[in-house]
Amino acid sequence: MKFKLSKYIAATEPLNPESRNKERILFSTRTGISMLISESFYSTLQHGEFDKIDLPRLTKLMDYELIVPEETDEFQEIIAINRLGVKDTRGIAMTIQATANCQLGCFYCGQSHTKHVMSEEIQEKLMDRLNYLLAEKKDADGMSVTWYGGEPLMAYSTILNLSNRIIALARERKIPYSSNMITNGLSLKKDIFRELYLNHHVHRFQITVDTTKEHHDKRRITKGGTETFDIIMNNILEITSEDYYTAKVKRPIFVRMNIDVTNYQDVTSFIDRLCDLGLKDKVDLGFSPLNNWGEKTAGDDVGLDVMTFAEWEIEWFMYAYKKGFNIDYILPQRNFATCMVVDEHSEVYDAYGNITPCYEFPYTPKYNEEKYIIGNLLKESDTYNHKTEVRGWYDDLSEYKVPKCSKCNLFPVCNGECPKKWYNGEGECPSMKANMEDRLVLQYLMDKSNLKTL
Amino acid sequence: MRSQNLKMALQKFNEANDSSQEDQGFEVLNFQEASLARGGVLDCTCNNGSSYTKPTQTNCTCNSGSSYAAA
């Protein structure tokens with residue numbers, strides 16, 4: 001059998017160009033393996049001189065899928081493996097958006113908020129749907145719920161009610177259960193956190209703080225215009241100072257920053273602020289580019305271009321790492337599912353009973369069309385549309401409808417990142433496409449040295 | 001590499017760790033993380049791309065009844 005070097009690799013330039021024994025980092029996106037490789041060995045691989053490699057090392061390179069059979073159509077193979085990987089997933093993942101209400105009026109939010117909360121009738125139907133999914137997936141080995149909205153805590157009692165019922169069902173079926181919440185943090189008082197964290201398995205709370213007070217209070221304000229930075233930060237401080245904060249996981253709170261041209265230069269100031277407040281060991285950090293959302297085009301208007309974001313992202317990783325935040329691993333990992341939309345056992349339920357494949361669809365007028373909606377819990381399941389546009393992502397990819405993806409060396413660790421964006425004609429590669437080499441070098445330095453001393 | 005700060009950090013690292021070793025071929029840097037992402041161990045590969053039933057086990061048992069190709 002003849003072999004070839006996989007097209008799914010990324011490589012750095014030589015790390016030590018002045019050295020006699022030059023080395024670079026080679027990364028297999030088929031497996032997520034990165035390796036330090038000598039220049040001569042790299043040249044051997046590039047020239048396909050595999051007969052010069054001894055059998056033990058050759059076997060390893062095949063294990064790591066850096067070398068693949070010559071006749072392999074790697075793109076089609078990766079999609080086929082992805083489909084099987086998704087099919088083999090034995091978890092049932094639900095996103096429950098129990099209310100269309102939210103206190104905030106962020107300029108970039110594409111949702112249309114109302115005071116509507118999920119009725120008891122719809123909650124009942126949701127439990128029926130979960131039982132149906134469990135009956136369909138008899139080998140289910142996990143159930144997970146993401147609580148989202150609107151602002152989920154504006155339907156707190158509904159969440160507690162549903163959570164109790166889902167946990168009871170998971171116990172009855174002896175299936176592990178996990179949960180997380182995406183919240184603006186405004187109502188996340190310590191008593192509420194304690195209840196959800198200790199008694200409802202919510203072990204991850206994503207709270208968005210758009211960097212410093214100056215920026216946050218211009219954009220994440222209430223519909224009445226009230227500032228929210230101090231309230232949210234105070235909530236975080238109170239929660240993280242409780243004894244039980246690390247009882248279940250090390251860092252239950254994840255602080256997400258939406259970053260654009262107006263606030264990117266103050267990301268490091270915000271990191272300093274979090275550090276001054278003693279939060280470096282207590283929260284995780286996430287840097288997110290501001291994107292379009294539904295009919296709101298904030299991404300086009302004030303978003304950073306990918307290249308600029310990617311360059312700054314490396315600086316933020318380095319800065320946060322040096323400050324002592326948990327920035328341990330920044331390389332992408334092989335994943336079989338682009339996101340929830342490709343998994344038919346992953347569904348989103350909103351307060352009106354609508355079932356959608358993507359959590360960005362509920363309450364967002366742009367996605368009211370039939371092609372985005374699977375069905376409604378109040379209707380019979382034989383009326384459901386299992387061929388919503390985004391669910392066909394792997395079919396469309398396999399027909400080469402997204403050339404950027406079929407030609408991309410990072411495809412196995414990206415899979416297109418956000419299918420919805422491509423269908424909207426807003427397809428843009430994630431930052432790793434622009435900063436992969438820097439990520440590889442930074443990861444190497446974090447592993448091999450101590451950046452803090454450099 | 002685009003980041004000037006990263007370039008400087010790498011340069012300092014190189015100065016402190018001048019490698020005069022002979023050609024070692026390659027050294028895997030992240031075996032553990034990559035193994036976890038695949039839900040198993042990288043020295044065995046499920047033959048249909050399925051993940052592993054028990055992430056920490058080393059006998060390469062694949063789920064959904066698929067077999068595996070051991071290295």
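Residues numbered from 1 in each chain as written. Chains lettered and ligands numbered in written order. Predicted model: local features only at pLDDT ≥ 70, side-chain atom pairs only at ≥ 80, totals over all residues. Heavy atoms only, no water.

### Some thoughts on the overall build of chain B
Looking only at helices and strands, one finds 2 helices and 3 strands in chain B. Taken from the N to the C terminus, the helices and strands of chain B come in the order α-β-α-β-β. Going through the 71 residues of chain B one by one, you find that 37% of them count as buried. Intrachain contacts of chain B at a sequence separation of at least 6 include 12% that bridge at least 24 residues. By element, 47% of the accessible surface of chain B is carried by carbon and sulfur atoms, the whole surface being about 4100 Å². (Helix = DSSP H or I, 4+ residues; strand = E, 2+ residues; numbered from the N terminus. Buried < 20%, exposed > 50% of the residue type's maximum accessible area, 1.4 Å probe, protein only. Contact = heavy atoms within 4.5 Å. Areas by Shrake-Rupley, 256 points an atom, 1.4 Å probe, with all protein chains shown as cover.)

### Some points on the packing of helix 5 (residues 156-173) of chain A against helix 6 (residues 190-199) of chain A
Residues and elements named next belong to chain A. Axis separation between helix 5 and helix 6 bottoms out at 12 Å; the angle between their running directions is 10°. Compared by their axis directions, helix 5 and helix 6 come out roughly parallel. Mapping the contact onto sequence places Y156, I159, L160 and I167 in helix 5 and I192, E195, L196 and N199 in helix 6. Residue composition of the contact of helix 5 with helix 6, grouped by class: 6 nonpolar, 1 polar and 1 charged. (Axes fitted to C-alpha atoms, helices over the stretch in contact; angles between N-to-C directions. Parallel < 35°, antiparallel > 145°, perpendicular 65-115°, else oblique. Nonpolar A, V, L, I, M, F, W, Y, C, P; charged D, E, K, R; others polar.)

### Focus on helix 11 (residues 306-323) of chain A
It helps to recall that an α-helix has 3.6 residues per turn; residues three or four apart then point in one direction. Helix length check: helix 11 of chain A (18 residues) gives 25 Å between terminal C-alpha atoms against 26 Å at 1.5 Å per residue, within 8%. Summarising the contacts, the buried residues of helix 11 of chain A are in contact with strand 10 (253-259), helix 9 (267-276), strand 11 (283-289) and helix 16 (432-448) of chain A together with helix 1 (4-16) of chain B. Positioned one or two residues after helix 11 of chain A, G324(A) has a phi angle of 100°, which is positive. (Expected span 1.5 Å × (residues − 1).)

### Here's the deal with the packing of aromatic side chains
Residue and element names in this part refer to chain A. Going through the model one piece at a time under the given rule, you end up with 22 aromatic pairs over all chains. Between F193 and F205 the ring centres are 4.8 Å apart and the planes differ by 40°, which places this aromatic pair in the tilted class. With F193 in helix 6 and F205 in strand 9 (residues 202-208), this pair connects stretches of sequence that are 12 residues apart. Both residues of the pair, F193 and F205, belong to the buried class. Ring geometry for F193 and Y244: centres 6.3 Å apart, planes at 25°, overall stacked. Taken as a pair, F193 in helix 6 and Y244 in the loop between helix 8 (229-240) and strand 10 lie far apart in primary sequence, 51 residues in all. (Phe/Tyr/Trp six-rings, centres within 6.5 Å; stacked < 30°, edge-to-face > 60°.)

### Description of the UniProt feature "domain: Radical SAM core" (unreviewed entry) in chain A
Following the UniProt record, the feature "domain: Radical SAM core" (unreviewed entry) maps to residues 98-239 of chain A here. The annotated region residues 98-239 of chain A carries 44% helix and 15% strand content, and the separation between its end C-alpha atoms amounts to 24 Å. (UniProt positions renumbered as here; feature names shortened; annotations may be inferred.)

### Considering the sheet that holds strand 10 of chain A
Residues and elements named next belong to chain A. Spatially, 9 strands are ordered 11-10-9-8-7-6-12-13-14 in an open sheet, and the strand pairing comes out mixed. The two strands at the open ends of the sheet, each matched to only one other strand, are strand 11 and strand 14 (375-376). Where strand 13 (residues 354-356) and strand 14 come together, 2 bridges link them in antiparallel fashion. If you follow I355 over to strand 14, its bridge partner there is G375. Contacts from helix 11 reach strand 10 and strand 11, with the element oriented near 170° to strand 11. (Pairing = 2+ DSSP bridges.)

### Describing the sheet that holds strand 3 (residues 23-28) of chain A
Spatially, 2(A)-3(A)-4(A)-1(B) is the arrangement adopted by the 4 strands of the open sheet, whose pairing is antiparallel. Strand pairing shows two members of the sheet lacking a second neighbour, strand 2 (9-11) of chain A together with strand 1 (26-28) of chain B, which therefore form its edges. Taken pair by pair, the neighbouring strands of this sheet meet at an average axis angle of 25°, ignoring direction. Across 3 bridges, strand 2 of chain A lies against strand 3 of chain A in antiparallel orientation. Across the sheet, A10(A) pairs through a bridge with F27(A), a residue of strand 3 of chain A.

### A short note on a negative patch on the surface
Side chains of D300(A), D301(A), D305(A) and E428(A) sit close together on the surface and give a patch of like negative charge. As for its position among the elements, D305(A) is in the loop between helix 10 (298-302) and helix 11. (Patch = residues over 30% accessible without salt bridge, like charges linked within 9 Å, V, L, I, M, F, W, Y side chains within 5 Å. Salt bridge = Lys/Arg side-chain N within 4 Å of Asp/Glu carboxyl O. Lys, Arg positive; Asp, Glu negative; His and termini not counted. Charge placed at Lys NZ, Arg CZ, Asp CG, Glu CD.)

### Re the packing of helix 9 of chain A against helix 11 of chain A
Packed helices, taken two at a time, are described by the angle between their axes plus the distance between the axes. Residues and elements named next belong to chain A. At a closest axis distance of 10 Å, the pairing of helix 9 and helix 11 adopts a crossing angle of 15°. The orientation of helix 9 with respect to helix 11, classified from their angle, is roughly parallel. In terms of crossing hand, the pair formed by helix 9 and helix 11 is right-handed. Within the contact between the two elements, helix 9 uses V267, T268, I271, D272 and C275 and helix 11 uses W316, Y319, A320 and K323. When the residues that make up the contact of helix 9 with helix 11 are grouped by side-chain class, the tally is 6 nonpolar, 1 polar and 2 charged. (Left-handed = near helix turned anticlockwise from the far one by under 90°.)

### Observations regarding the pattern of salt bridges
Side-chain pairs of opposite charge can arise whenever the charged atoms involved come near each other. Residues and elements named next belong to chain A. In this structure the tally under the stated criterion is 30 salt bridges over all chains. E124 is paired through a salt bridge with R165; the nearest N and O atoms lie 3.0 Å apart. In this pair, E124 is assigned in helix 4 (residues 120-136) and R165 in helix 5, connecting sequence segments 41 residues apart. We classify R165 as partly exposed; its relative accessible area is 28%. The salt bridge partner of E417 is K421, with a shortest N-O separation of 4.0 Å. Bridged by salt links that share partners, the residues R30, E65, E74 and E77 form one connected network.

### A closer look at the domain arrangement of chain A
If you check the domain split of chain A, you get domain 1 (3-72), domain 2 (90-304) and domain 3 (340-423). A straight line from the C-alpha centre of domain 1 of chain A to that of domain 2 of chain A covers 42 Å. (Domains from an automatic or database assignment.)

### Some words on helix 6 of chain A
All names here are of chain A. Here helix 6 has its buried residues at I192, F193, L196 and Y197. Projected onto a plane normal to the axis of helix 6, the buried residues spread over an arc of 115° and lie on a single side. Backbone geometry just after helix 6 places H201 at a positive phi near 60°. (Arc of directions from axis to C-beta.)

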